[in-house]
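Residues per chain, in single letters:
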Amino acid sequence: MDNTTPDVPSAAPPAADPLTRAVLEIDDYVAGLGWDRPALLFALVDTERLRAEEPALAEQLDLGGDSPLTPIEQDELPAGVPLDEFLATIAWPDQVAGCALAVERLMLPPSAEAQLPDGLSEAALADWVAKHPDRQEVRMTVAVLRDGRRESALRLREKDSPMDVLTGPELVPGLAAALAATFEE
């Protein structure tokens, strides 16, 4: 862990669930960095445990808030390695209660599936999506805890406001499953 935590002003209404709060805190932090960024990985640690076991680190991170989970940004993901392959290499120490990933992607509405040409390679499909007139740029922030709980936040580039962020546990099930697998023994 690189021991940095997002310093985020709360622009969105506070969420009651600690995991939702952590996801929205990360989303707000990443939004402050701007668009067109590489994926960012975060460890989620129990704030009280961090204060008790690592008081110097907790002080360095300025954990003055009352959030039960503290996101700690990890080192940059390796360039050129597919995300699923990278996630398959992660093993978290016991002190990590969960993890989160913020990643940007292009998405199409379900109606675009009917227009999809058959037999496209992965590269050709990515090119086709990038050129589609109905494409939307989206930032997905997905978090999972060791106990299996999940939460996601979706932010469209064209509606780049904390008030327009959509949240829910099953918004990005594939990515949530990949993150959950990082906790399997």
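## Regarding the overall build of the protein chain
Okay, so step 1: If you tally the helices and strands in the protein chain, you get 6 helices and 6 strands.
Okay, so step 2: The order of α-helices and β-strands along the protein chain, N terminus first, is α-β-α-α-β-α-β-α-β-β-β-α.
Okay, so step 3: In terms of overall size, the protein chain behaves like a compact globule, its C-alpha atoms giving a radius of gyration of 17 Å where 185 residues would be expected to give roughly 16 Å.
Okay, so step 4: Taking the principal axes of the C-alpha coordinates as reference, the protein chain spans close to 55 × 35 × 25 Å.
Okay, so step 5: Per-residue burial for the protein chain yields a buried fraction of 41% across its 185 residues.
Okay, so step 6: In the protein chain, 67% of the contacts between residues at least 6 apart in sequence involve partners at least 24 apart.

## Description of the sheet that holds strand β2 (residues 69-73)
Okay, so step 1: With antiparallel pairing, 6 strands are arranged side by side in an open sheet as β2-β1-β3-β4-β5-β6. Edge positions in the sheet fall to β2 and β6 (166-168), since each has one partner strand and no second. Between one strand axis and the next, the sheet turns through 20 degrees on average, direction left out of account.
Okay, so step 2: As defined by bridge partners, strand β1 (residues 40-46) adjoins strand β3 (residues 96-107) across 6 bridges and the pair is classed as antiparallel.

## A look at the pattern of salt bridges
Okay, so step 1: Within the structure shown, the criterion is met by 9 salt bridges.
Okay, so step 2: Put simply, Asp127 and Lys131 hold a salt bridge, and the shortest N to O gap is 3.2 Å. Taken together, the positions of Asp127 and Lys131, both in helix α5 (residues 122-131) and 4 residues apart, correspond to about one turn of that helix.
Okay, so step 3: You can call Lys131 exposed: its relative accessible area is 61%.
Okay, so step 4: Put simply, Arg155 and Asp160 hold a salt bridge, and the shortest N to O gap is 2.8 Å.
Okay, so step 5: Here the salt bridges share partners, and the residues they tie into one network are Asp27, Arg155 and Asp160.

How each quantity is defined
- Residues numbered from 1 in each chain as written.
- Predicted model: local features only at pLDDT ≥ 70, side-chain atom pairs only at ≥ 80, totals over all residues.
- Heavy atoms only, no water.
- Helix = DSSP H or I, 4+ residues; strand = E, 2+ residues; numbered from the N terminus.
- Rg over C-alpha atoms; globule rule 2.2 N^0.38 Å.
- Buried < 20%, exposed > 50% of the residue type's maximum accessible area, 1.4 Å probe, protein only.
- Contact = heavy atoms within 4.5 Å.
- Pairing = 2+ DSSP bridges.
- Axes fitted to C-alpha atoms, helices over the stretch in contact; angles between N-to-C directions.
- Salt bridge = Lys/Arg side-chain N within 4 Å of Asp/Glu carboxyl O.

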